[in-house]
Structures are given as structure tokens and as C-alpha cells.
Amino acid sequence: MNIGSLADDNIRRFGEYDFVCFDGRWHTNVAMNQGANRLGNALKKLGVKKGDRVGVQLFNCTELIQTFFAAFKIGAILVPINPSLKTPELAYIYRDAGLSALVSSPDDFGGIREARKEAPGLAHVISTGPQAPEDGLSFNGICAAQPDALALADTDNDDTAVMIYTAGTTGNPKGVMLTHYNWYTHVTGYYDLVFLDSWGVSVRGEIREPDGGQAGKEPREGEVFGVSRDRVSLITLPLFHGYGIFALNLEFLTGGKLVVINRWDPEEAMKSIETYRVTDFRGVPTMYIQILNHPSLAKYDLRSLRTCICGAAPMPLAVARAWKEKFGIDIWEGYGLSEATTVNCGNIAERRPPKYGSIGKCYQKCNAIKIFDSQNRELPAGQTGEIVIRGPGVMKGYWNKPVETAAAIRNGWLHTGDVGRMDDDGYLYITDRKKDLIIRGGENIYPKEIENILYRHPDVLEAGVIGVPDPVYGESVKAFVALKTPGSVTEEELLEFCKKELPSYKRPKAVQFLESLPKSAVGKILRRELRNIK
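First, a word on scope: everything that follows refers to the structure included in this document. (Residues numbered from 1 in each chain as written. Predicted model: local features only at pLDDT ≥ 70, side-chain atom pairs only at ≥ 80, totals over all residues. Heavy atoms only, no water.)

With respect to the overall build of the protein chain
Selection criterion: Counting from the N terminus, the helices are the DSSP runs of H or I reaching at least four residues and the strands are the DSSP runs of E reaching at least two. Computation of the radius of gyration draws on C-alpha atoms, with the globule rule given as 2.2 Å multiplied by the number of residues to the power 0.38. The classification of residues rests on relative accessible area computed with a 1.4 Å probe and restricted to protein chains. Under 20% of the type maximum is buried, over 50% is exposed, and intermediate values are partly exposed. Only heavy atoms matter for contacts: two residues are in contact if any of them lie within 4.5 Å across the pair. Areas reported as accessible are Shrake-Rupley estimates using a 1.4 Å probe. Residue values count occlusion only from the protein chains shown. All tallies of charge rest on Lys and Arg as positive and Asp and Glu as negative; His and the ends of each chain are not included. The atom standing in for a charge is NZ when the residue is Lys, CZ when it is Arg, CG when it is Asp and CD when it is Glu.
Across its full length, the protein chain carries 15 helices and 29 strands. Its C-alpha radius of gyration of 24 Å places the protein chain within 12% of the 24 Å reference for a compact globule of 534 residues. The principal-axis extents of the C-alpha atoms in the protein chain amount to approximately 80 × 70 × 50 Å. Residues classed as buried in the protein chain amount to 55% of the 534 residues present. Residue pairs in contact within the protein chain that sit at least 24 positions apart in sequence constitute 66% of those at least 6 positions apart. Accessible surface computed for the protein chain: about 23,000 Å², of which carbon and sulfur atoms make up 48%. Here the protein chain holds 64 positive side-chain charges and 65 negative ones, and the gap between their average locations is 1 Å.

Here it is in C-alpha cells:
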């Protein structure tokens, strides 16, 4: 199968409708598909073949979406790249992936020129601007004379569709190979369990009932299983991130509408929710925190929101409860990683309120998630170990890295590096990343627990906790904090606050204040960057 078929299927099933709103303008599903087809034909004319790697280095925009589906449809391997990366990182990805073409913005051509010197195979750089630089091709120019129709490449289930480069914490990033089947099973599995099992669609009218062989009419309101077409999803997460690709594929499958923001801005998000009556918001904890604490929050009407989902980082309990109190809506926390096609667990299924603090249950019926000990033995409910995943969502492997692939996937199980436990109902709870574990005098300390305590303090906006060297205990706890109002609380007052909430060995020994904490492209607080702060 070819995941690019979702765009064609969407038109066949739903007809033409306003699909994507970007920069105040709606684009229909037909127009977006035709744009992808023209680009696909243009790439083929440039010599891009099935299996070639096509990079896209853009913040959210319509051209980014069209590049995704152009690459899928011609059987090329899509390589989404964060435009914020520095030149050495770009050069590594260009070279390692063996890019043959790259779609980017003219704003990034300076860094691209330097990085391209180390990637001689990168033959074509395509610019989305109104006028391409001299050493680039114009996106609109190469597409202008191409036909609107594009033959779908014959791809196998196991052919790689997307290669996502994970952030390198101890070395260079690794290219996670995700197949057409990975994406298809994941998006259809989410549709099956979350949408069909969780929400019904209310219908009202005359329902015919058999009555002694005669059909009788009775006015009734009932519920049927299905997906409401009045959903409007706000895309604030970068589409070059795996979760963004998943959200895009989901709306093609379900016939939903997308409102896309170029880059995260809390006021722009609130304005979009009010203007377009957004029903579904997917974000990371930082986004929810910034909306809750925004000085202009009272100006905007956010009552259209029906579904709020959080992923990429653990949601602080204090934030989830504050959101519920403010808006009357639960935040449904989920979990996933690039190596397992980005979305694996969620609270949102089964028509019940979320379990706060839990990342939910395995949502895909053909996947399995378990907790293993250090000897790869399954642990019973309540015990803490490594989260492992098996099923069709697990990656094909790391690009050109067989040793790392074999270390990550053992006996069919993907070892996530995340530590957690499962309760008796099958709900998962993330304890922390294995590499973030703090060991103080032989005692295991999980940063997330301390961060949750800090978030309870009314003056704390952001919190991150790491281990630092200690001459006696090996490691001690250090907290980094950004305050809602600078100077509103002292280090001594925060340490005293923690003293009341934590046993002595878990208490931070120091608190360092920052204006804001370092974050990834999706807003996840980066503990590895905190370790570099002196």
C-alpha cells in the first residue's frame, strides 16, 4: 500500500471541502491534492525516483503538506528536517540520508549553502519563496507546467515512507525508518479505537421500528458509532515532527478540517480557536501552561473546544487540574515515540474520564505494550521497569545503523528507554527516562516526581530537574525554574516548599532561576540542555 492514497481516498469519500486554513485562507482538499500531484510530477522530472530521499526543511505551511504527499505518492522517502538546526547538524543529516532533493524557505539558504558543501549528492534545492535564489529552484516555477494528476507509485507495505531523525543526546541523530504500513496501521488503529469506540454521533429524527410486520415511525434521538464531520483541529505542533505527520494523516482519513499555525504562539492559538471555532487541540505541556498563564486569556472565547490532547512530555498534574477547573475540559494525556510511529497510548478511549498522571492504555489493538525488567522478563502490574512495544507500529530500523537497530529491537520488542509501570486496568504511568534517572546514595530518584511538586507552587511557570555530581552521594538533585513573575519567590522559599512535600533524599539541593527553560521544537523541556548550564 501507499500512504499517499489517503489524499485521493479523502476526495472520493468526502468530495471537495475546505480542508486546510493557513494564514487566514482556506484551501480545499482538492486544491491541496492537486498541488501535491504537481510537485510529485516535478520531482520525477528532476530525476527523483522511488526510494530516493527528499528532504523538507520548512515550518508549518501548505507547501510542507504538499511536499509530504508528493514524496509519498512517487515512492520517495520523506525526510522532515527542523529548520532551526545549526549548519553542522544539517550537513550531517543531508549527508547521512543521502538527500537528492530538498524543499525549503529562501530564509534558510545561507545555512543550506554551507551544509550542502558536505552533501554532494544533494542535487536540487527548491525554494518556496516568491523568487528563488540563484542556486535554487522555484517551488511554484517547477510545479506550474505540471499536470494535476499523478500516478501512485507501487510501494510495498515494508517500503520506507518517512525517515525521522531523532535528537542525538550522546552522538549524531539516527534516522528512524517508518514504512507505509507503519503509518497506515497507526492512523487506522487510532480511528478504529479512539473515534469509533469513544464517541458516538447524536442523531435525531424518525426511526422506523418493525411492529407486527408493519414499519412504525417513532421520533427518537439516538447515538450511532462514527466520526463527526464538524471537527476542526488546530495544528500548532511542527509538522516536521512525527506527531504532526500523524495528525495530518488522521484528518485525511476522517474528513476533518485543519487550522495550521506557522509556529507556536499562544495568543495566535487562542485567536485561531475563537475565529475558526476549533474543537480539537493537540499540544505539549508548555503550550497549555502558556495559555493558562497568558495575560490576554480573558479576551478570547475558547468554548468551542471539545477535545484537548497532550503528548511529547509528561503533563504536570497541577496544570491538568488547572485546565479542567478553568475550561471544564479534561486534558487527555498520551504517549509515543518516533521509533513506534509516534502515538502508542492514550487516555481518550473507552468513554471514561482520564486517569490523571497516566498516559493511558495501548490504543492500537494489534500492538502490545508491556513492562520488562533488566533481564527482559515481564513484570506484573504495579512494578516499575522499562516500557517495551511490539506490533506493526514498530519502526523498520535505524537508517544504516544495524548495531543500534539490534540494540533497540530485541526479540521483536522495541525497548523504549522509558521507565514506567502499568496498573491493574492496563493504564500506563511514565516514571521517567532511564537516562534521566538520578541515583543518590543508591536511591533511585525520578525527576518527574520532583517537577510535579514544583509545579504545585503558584509562582512556578516551568520546572526541570537533573542530577549533578555530589562528592558524598554520587549525585544530588538540582532544579531549574522559570517563574511567572521574576523575583516573586526566592530559592530558599522553593527549597522550603519542597521540604514539606518530599523526603530528604529527594529534595533539591539547589534551585537555579532562568527566564525560560530550553525546549525542543515541540516545546518539550530538554534536560540534556539543562546539564550544560553552569
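Quick word on the sheet that holds strand β14 (residues 280–283)
Our working definition: Pairing between strands is defined by DSSP: at least two bridges between them are needed.
Taking strand neighbours across the sheet as the criterion, the nine strands line up as β2-β1-β13-β12-β14-β15-β16-β17-β18 in an open arrangement whose pairing is mixed. The two strands at the open ends of the sheet, each matched to only one other strand, are β2 (25–28) and β18 (361–362). Summarising the sheet, strand β12 (residues 232–235) and β14 pair through three bridges and their orientation is parallel. For I235, the partnering residue across the bridge sits in β14 and is R282.

Some details on the packing of aromatic side chains
Inclusion rule: Each aromatic pair joins two rings of Phe, Tyr and Trp (for Trp, the six-membered one) with centres within 6.5 Å, and gets the label stacked for planes under 30 degrees apart, edge-to-face for over 60, and tilted for any other angle. Our definition puts a charge over a ring when NZ of Lys or CZ of Arg is within 6 Å of the ring centre and also within 35 degrees of the ring normal.
In this structure the tally under the stated criterion is 12 aromatic pairs. A ring pair is formed by W26 and Y276, whose centres lie 6.1 Å apart and whose planes are at 85°; its orientation type is edge-to-face. Of the two residues, W26 sits in strand β2 while Y276 sits in helix α9 (residues 266–276), which places them 250 residues apart along the sequence. Judged by relative accessible area, which is 22%, Y276 ranks as partly exposed. Both rings, one in F69 and one in F252, keep their centres 4.5 Å apart while their planes meet at 55°; by these two values the pair is tilted. In this pair, F69 is assigned in helix α3 (residues 62–74) and F252 in helix α8 (residues 242–254), connecting sequence segments 183 residues apart. Residues F69 and F252 agree in their burial class; the two are buried. Cluster of aromatic residues (ring-pair linked, three or more members): F14, Y17, F19, F69, F72 and F252. Here the guanidinium or amino end of R263 rests over the ring plane of F59, the centre of that ring lying 3.8 Å away. Sitting above the plane of the Y429 ring, R421 keeps its charged end 4.2 Å from the centroid.

A word on the nonpolar core
Note the cut-off: Definition used in this section: a nonpolar core is a set of buried Ala, Val, Leu, Ile, Met, Phe, Trp, Tyr and Cys residues joined via side-chain atoms within 4.5 Å.
One finds L43, F68, F69, W183, Y288 and L305 to be the most contacted residues of the largest nonpolar core, which totals 132 residues. Look past the residues within four positions of W183 in its chain and what remains in contact with it is I3, A161, V162, I164, L178, G242, I245, F246, N249, T341 and T342.

Remarks on the pairing of strand β20 (residues 385–390)
Of all six residues in β20, five are buried, a share of seventy percent or more. As defined by bridge partners, strand β19 (residues 368–372) adjoins β20 across five bridges and the pair is classed as antiparallel. Each residue of the ladder has a partner; that of I369, found in β20, is I389. For β20 and strand β23 (residues 413–422), the ladder comprises four bridges, and the chain directions are antiparallel. Note on β23: the bridge partner recorded for G385 is G420.

Considerations on helix α1 (residues 5–14)
Note on helix geometry: an α-helix contains 3.6 residues per turn, so any two residues three or four positions apart are oriented the same way. All of the buried residues in α1 are S5, L6, A7 and N10. Following α1 by one or two positions, G15 has its phi on the positive side, about 70°.

Here's the deal with the pairing of strand β1 (residues 18–22)
Counting buried residues along β1, four of its five residues qualify, which places the element largely inside the surrounding structure. Examined bridge by bridge, β1 and β2 share four bridges and lie antiparallel to one another. Of the residues in β2, the one forming a bridge with D18 is T28. The loop that links β1 with its antiparallel partner β2 comprises two residues; one of these, D23, has a positive phi angle of about 55°. Where β1 and strand β13 (residues 257–260) come together, three bridges link them in parallel fashion. The partner of V20 across the bridge, within β13, is L258.

Some thoughts on the pattern of salt bridges
Close approach of charged atoms allows side chains with opposite charge to pair. Using the following cut-off: Just to be clear on terms, a salt bridge is a Lys or Arg side-chain nitrogen sitting within 4 Å of an Asp or Glu carboxyl oxygen.
In this structure the tally under the stated criterion is 26 salt bridges. Between D159 and K50 there is a salt bridge, with the nearest N and O atoms lying 3.5 Å from each other. Here D159, found in the loop between α6 (139–144) and β8 (160–165), pairs with K50, found in the loop between α2 (29–45) and β3 (53–57); they are 109 residues apart in sequence, far enough to count as distant. Across the pair R282 and E251 runs a salt bridge whose closest N-O atoms are separated by 3.9 Å.

Some words on the sheet that holds strand β27 (residues 460–470)
For clarity, the threshold we go by: To obtain each axis, a line is fitted to C-alpha atoms, and for helices this fit is confined to the stretch in contact; angles are then taken between N-to-C directions over 0 to 180 degrees.
The strand order across the open sheet built from three strands is β27-β28-β29, with neighbouring strands paired in mixed fashion. The sheet is open, and its two edges are formed by β27 and β29 (510–513), each paired on a single side. Between one strand axis and the next, the sheet turns through 25° on average, direction left out of account. Summarising the sheet, strand β28 (residues 474–483) and β29 pair through four bridges and their orientation is parallel. The residue bridging K478 from the neighbouring strand is A510, located in β29. Across the face of the sheet, helix α14 (residues 491–501) comes into contact with β27, β28 and β29 while running at roughly 130° to β29.

Comments concerning the environment of D330
Worth spelling out the cut-off: Here a polar contact means two N or O atoms within 3.5 Å. Within protein one must be a hydrogen donor candidate and the other an acceptor candidate, and residues neighboring in sequence count only if both atoms are side-chain atoms.
Turning to its location among the elements, D330 is positioned in the loop between α11 (317–327) and β16 (331–335). Along the sequence, D330 and P353 sit 23 residues apart, while their C-alpha atoms lie 7.7 Å from each other. Not counting the four nearest positions on each side in its chain, D330 is found in contact with C308, K324, P354 and Y356. Separated by 2.6 Å, the side chains of D330 and Y356 make a polar contact.

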